[in-house]
Amino acid sequence: MSSTNTPRRGWFKSSFSASSNNCVEVAFDGNMVLVRDDKYDGPADLQPTIAVPTPAWTTFLELTLGSEIQGDSLAVPSISMDSHGAVVRDAVGTTLKFTPAEWTAFIAGVRAGEFTPASV
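All values derive from a computational prediction rather than experimental measurement.

A. Main features of helix α1 (residues 54–64). Residues of α1 that are buried: T54, A56, W57, F60, L61, L63 and T64. The buried residues of α1 all sit within an arc of 155° when viewed along its axis, so they share a single face. Those residues of α1 that are buried are in contact with β1 (24–29), β2 (32–37), β3 (49–53), β4 (78–82), β5 (85–89) and α2 (100–111). Once α1 finishes, G66 follows within two positions and takes phi at roughly 85°, a positive value.

B. Structural detail: the packing of aromatic side chains. Applying the stated criterion across every chain, the model contains six aromatic pairs. Seen in terms of ring centroids, W103 and F106 are 5.1 Å apart; in terms of plane orientation they differ by 40°. Their pairing is tilted. One end of the pair is W103 and the other is F106, both in helix α2 and three residues apart, which spans about a single turn. On the basis of relative accessibility, which here comes to 3%, the residue W103 falls in the buried class. Look at F106 and you get buried, because its relative accessible area is 1%. Put simply, the rings of F12, F28, F98, W103, F106 and F115 touch in pairs and so form one group of aromatic residues.

C. Quick look at the sheet that holds β2. Strand order in the open sheet formed by three strands is β1-β2-β3, and the pairing between neighbours is antiparallel. The open sheet is flanked by β1 and β3, the only strands paired with a single partner. Here the strands of the sheet are splayed against their neighbours by 25° on average, with no regard to which way each runs. Relative to β3, β2 runs antiparallel, the two being bridged by five bridges. Looking at the pairing, V35 lines up with I50 of β3. Against the sheet, α1 engages β1, β2 and β3, with an angle of about 110° to β3.

D. Fine view of the sheet that holds β4. Strand order in this open sheet of three strands is β4-β5-β6, and the pairing throughout is antiparallel. Only two strands of the sheet have a single partner each, and these edge strands are β4 and β6 (95–98). Direction aside, the axes of adjacent strands within the sheet are offset by 20° on average. By the bridge criterion, five bridges tie β4 to β5 in an arrangement that is antiparallel. Following the sheet pairing, S80 is matched in β5 by V87. Here α2 sits on the sheet in contact with β4, β5 and β6, set at roughly 95° to β6.

Rules and cut-offs
- In every chain, residue numbers begin from 1 and rise along the written sequence.
- The predicted origin of the model limits local features to residues at a pLDDT of at least 70 and limits the giving and counting of side-chain atom pairs to 80 or more, whereas totals for whole chains, interfaces and linings rest on all residues.
- Based on all heavy atoms of the structure, the side-chain values leave hydrogens and waters out of the count.
- Relative accessibility thresholds used throughout: buried, under 20% of the residue-type maximum; exposed, over 50%; partly exposed, between the two (1.4 Å probe, protein chains only).
- The helix count covers DSSP runs of H or I at least four residues long, the strand count covers runs of E at least two residues long, and both are numbered beginning at the N terminus.
- To obtain the arc, one takes the directions from the helix axis to the C-beta atoms.
- Should any heavy atoms of two residues lie within 4.5 Å, those residues are counted as being in contact.
- Here the aromatic set is Phe, Tyr and Trp, taking the six-membered ring for Trp, and pairing holds for ring centres within 6.5 Å; pairs whose planes are under 30 degrees apart are stacked, those over 60 apart are edge-to-face, and all others are tilted.
- The pairing criterion is simple: DSSP has to find at least two bridges between the two strands.
- To obtain an axis, a line is fitted to C-alpha atoms, over the contacting stretch when the element is a helix, and the angle between two such axes runs from 0 to 180 degrees between their N-to-C directions.

See the structure below:
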């Protein structure tokens, strides 16, 4: 994984999902990295969002790439895969579901270093 070393502002998605409106979105917010699904169409204040402490974000990214690292910390969301795509779940039960195409685009962005904050 390489880092772009350019801090991103606001919500963004992988450049590999540029032609899609259904994406994994990420925002760097101080000492947290936020993840959400842009398919959500309900009230903005109720949108499910997973917050990962910045120090745990690298472990989460390694998990997305299929690393053998286990998300044994409450800070690192679990990731499960099936024929319907990826399910990301945090310790309090917030669940985000992504299609195979959405997850593939996110992983491509992870490999390209698009989701590595400058502070990690």
